[in-house]
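# A structural walkthrough
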Amino acid sequence: MGETREMALKGRKVIVTGGAGFVGSHLSEALVDIGADVICLDDLSAGKMGNITHLSDRPNFHFVKLDVCDSGPRMDELFKGTDTVFHNAASKKNICLINPQRDLDVNAAGALNLVQKSVAHGVRKFVHASTGSVYGEPRIFPTNETHPFEPVSYYGVSKLAGERYVDVFHKLHGLDTTILRYFHVYGPRQESNEFGGVVSIFLRRITAGLNPIVFGDGEQVRSFTWVRDLVAANLASAVNPRATGEAYNVASGIRVSVNELARGMLDILDPEGRLQVEHGPPLLGDIMNFDVDSRKIREHLGIGFETEFWKTLTIALSDVQAFLGDISGPQQAKAVS
Ligand SMILES: NC(=O)c1ccc[n+]([C@@H]2O[C@H](COP(=O)([O-])OP(=O)(O)OC[C@H]3O[C@@H](n4cnc5c(N)ncnc54)[C@H](O)[C@@H]3O)[C@@H](O)[C@H]2O)c1
C-alpha cells in the first residue's frame with residue numbers, strides 16, 4: 001500500500017482499543033505519526049502506561065481508561081465523530097485458561113458492544129483483530145481463510161464469537177468491517193511474563209542467565225509475524241475499499257519450530273554457549289503445526305511481510321531493553337480474576 005492511502009487517516013478521529021497493549025501501542029504510534037486524532041482506549045487489565053508514555057505529549061494522542069464492555073454514555077461520547085475503530089483489546093489466551101467467563105465477556109460481548117456503537121454513531125470503518133486460533137488445530141495446509149472453524153481453546157471460541165458478531169454487523173447493517181486473523185506476533189513491548197509471547201519469554205530468561213524452557217518436544221511450528229507488518233495490515237484495511245467485508249490471515253508464512261527459535265536465540269544472545277534448551281511438560285491444547293496461507297491479504301492489500309525472520313530478530317534483539325518495554329510499569333496482566 002502506498003503512503004498516500006494511509007495518509008487519508010490524517011485528521012480523522014480513530015479509536016484503538018487495547019491501545020496500551022503490545023499490538024495496540026504500535027498501531028497507536030503509527031496513527032499518531034500519520035496525524036490521526038487517536039483515542040487510545042484500554043482498561044489496563046493487561047496493558048501498561050509504559051507502552052504509551054512516549055506518545056503522551058503528542059497533541060493528537062489521548063488515552064482513555066475504559067472497558068470495551070461499557071455501553072454507557074462515556075462510550076457514546078467517545079464514538080461521536082469517530083471515523084475508524086481498530087479493535088485490538090482482548091482477554092488473552094493464557095488468561096482464558098484461568099477465567100473463560102472473562103474471555104467471553106471481553107472477546108465476544110465487548111466486540112458486540114463496539115459494533116453496536118459503531119452502527120449507532122455512523123462509524124465509517126471497523127477493523128477487528130482476530131486470531132488464527134479460530135481454526136483450531138489446522139488440518140488443511142497451507143491454511144487459508146476458508147479453513148473450518150474448530151477452535152480448541154476457550155480463547156479461540158470467544159474470539160470466534162467476536163469476529164462472527166463483526167461479520168453479522170457487516171451483513172445486517174452494512175458496517176464496513178475487516179477481520180484480521182493474527183498469528184504469533186513478535187516485536188518490542190510484547191509481554192514477557194507467563195501471559196506473553198515465546199520470543200519475549202525466551203529473551204527475558206536468556207538475558208537473566210536462565211535456560212529457555214520449551215514445552216513438549218519443541219517440534220511445534222510457529223509462523224512468527226513482525227508487529228509492524230500487522231500495523232501495515234491494519235492501516236491498509238482501514239483505507240482500501242477492497243478490504244470491505246473481508247477476513248484475512250495476517251501471518252508471515254515463515255515456519256520456525258520452537259526448538260529452532262530457542263537454539264537460534266541462544267546463538268544470538270549466548271554465543272559462548274553457557275546456556276542450553278530445557279524441556280518441560282507439553283502445554284494443554286498447544287497447536288503443533290502452522291503453515292499459514294496469507295496470499296489473500298498480499299493480493300488484495302499488497303501487504304509484503306517481513307520475510308527475513310532471523311535478520312529482523314537479530315536487529316530487534318540488539319536492543320533488549322526496548323524489546324522488553326517498560327518493565328517498571330504496572331504488570332497488571334496477572335490480575336485476571
Ligand atoms: N500477540 C499475538 O501473538 C496475537 C496473536 C493472535 C491474535 N492476537 C490478538 O491481537 C490483539 C492484541 O493482542 P496483544 O498481543 O497486543 O495483547 P495485549 O494483551 O498486549 O493487549 C490487549 C490489550 O487489551 C486490553 N484489554 C483487555 N481487556 C480489555 C477490556 N475489557 N477493555 C479495554 N481494554 C482491554 C489490555 O489491557 C491490553 O492492553 C488481541 O485481540 C489478540 O486477541 C494477538
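These figures come from a predicted structure and were not determined experimentally.

Our next topic: the nonpolar core. Grouped together as the largest cluster of nonpolar side chains are 80 residues, with contacts concentrated most on Val14, Val16, Val38, Cys40, Ala233 and Val250. When residues of this core are assigned to domains, at least three fall in each of domain 1 (8-185 + 226-250) and domain 2 (198-221 + 254-325). For Val14, the contacting residues outside a window of four places in its chain are Leu9, Leu31, Ala36, Asp37, Val38, Ile39, Thr82, Asp83, Thr84 and Phe86.

Around the ligand sit 31 residues, and of these Gly18, Gly21, Val23, Gly47 and Ala90 come closest. Of all elements in the fold, only helix 2 (22-34), helix 5 (100-120) and strand 5 (125-131) reach the threshold of two or more residues within the shell around the ligand. Among the residues making up the shell around the ligand, the classes are represented as 13 nonpolar, 12 polar and 6 charged.

According to the domain assignment, the chain consists of domain 1 (8-185 + 226-250) and domain 2 (198-221 + 254-325). On a C-alpha basis, the centres of domain 1 and domain 2 stand 24 Å from each other. Tallying the contact residues gives 26 residues for domain 1 and 17 residues for domain 2. Broken down by element, the residue count for the side of domain 1 that touches domain 2 peaks at 5 residues, all from helix 8 (residues 227-239).

Bringing the packing of helix 2 against helix 8 into the picture now. Remark: helix 2 packs on helix 8, axes separated minimally by 9 Å, with the N-to-C direction vectors making an angle of 60°. Relative to helix 8, the element helix 2 lies oblique. For helix 2 against helix 8, the interelement crossing comes out right-handed. Facing helix 2, whose interface residues are Val23, His26, Leu27 and Ala30, helix 8 presents Val227, Arg228, Leu230, Val231, Asn234 and Leu235. Here the residues of the contact of helix 2 with helix 8 are counted per class, giving 7 nonpolar, 2 polar and 1 charged.

Another aspect to go through is the pairing of strand 6 (residues 177-182). Two faces, one strand: in a regular strand the side chains alternate between the faces of the sheet. Most of strand 6 is tucked away, with 6 of its 6 residues classed as buried. Residues Thr177, Ile179 and Arg181 point to one face of strand 6 and Thr178, Leu180 and Tyr182 to the other, with burial holding for every one of them. Pairing of strand 5 with strand 6 involves 6 bridges; the strand directions are parallel. If you follow Phe126 over to strand 6, its bridge partner there is Thr177. Handedness of the crossover joining strand 5 and strand 6 through helix 6 (residues 154-173) is recorded here as right-handed. Here strand 6 pairs with strand 11 (residues 246-250) via 5 bridges, running parallel. Residue Thr178 lies in a different strand from strand 11, and its bridge partner there is Glu246.

This brings us to the confidence of the model for the chain. Per-residue confidence for the chain averages 92 on the pLDDT scale, and 93% of its residues sit at or above 70. Every residue in residues 326-337 is under pLDDT 50, and counting partners more than four places away or in other chains gives 25 contacts.

Residues three or four positions apart in an α-helix share a direction because the helix packs 3.6 residues into each turn. Here helix 5 spans 29 Å end to end across 21 residues, near enough to the 30 Å set by a 1.5 Å rise per residue. Residues Asp103, Val106, Asn107, Ala108, Gly110, Ala111, Leu114, Val115, Lys117 and Ser118 constitute the buried set of helix 5. Just beyond helix 5, the residue with positive phi is Gly122, at close to 65°.

Quick notes on the rules
- Residues numbered from 1 in each chain as written.
- Predicted model: local features only at pLDDT ≥ 70, side-chain atom pairs only at ≥ 80, totals over all residues.
- Core = buried A, V, L, I, M, F, W, Y, C linked by C-beta atoms within 7 Å.
- Buried ≥ 20, exposed ≤ 12 C-beta atoms within 10 Å, placed from the backbone.
- Domains from an automatic or database assignment.
- Contact = placed C-beta atoms within 7 Å.
- Near = placed C-beta within 6 Å.
- Helix = DSSP H or I, 4+ residues; strand = E, 2+ residues; numbered from the N terminus.
- Nonpolar A, V, L, I, M, F, W, Y, C, P; charged D, E, K, R; others polar.
- Axes fitted to C-alpha atoms, helices over the stretch in contact; angles between N-to-C directions.
- Parallel < 35°, antiparallel > 145°, perpendicular 65-115°, else oblique.
- Left-handed = near helix turned anticlockwise from the far one by under 90°.
- Pairing = 2+ DSSP bridges.
- Right-handed = clockwise from strand over helix to strand, strands pointing away.
- pLDDT = per-residue confidence, 0-100.
- Expected span 1.5 Å × (residues − 1).

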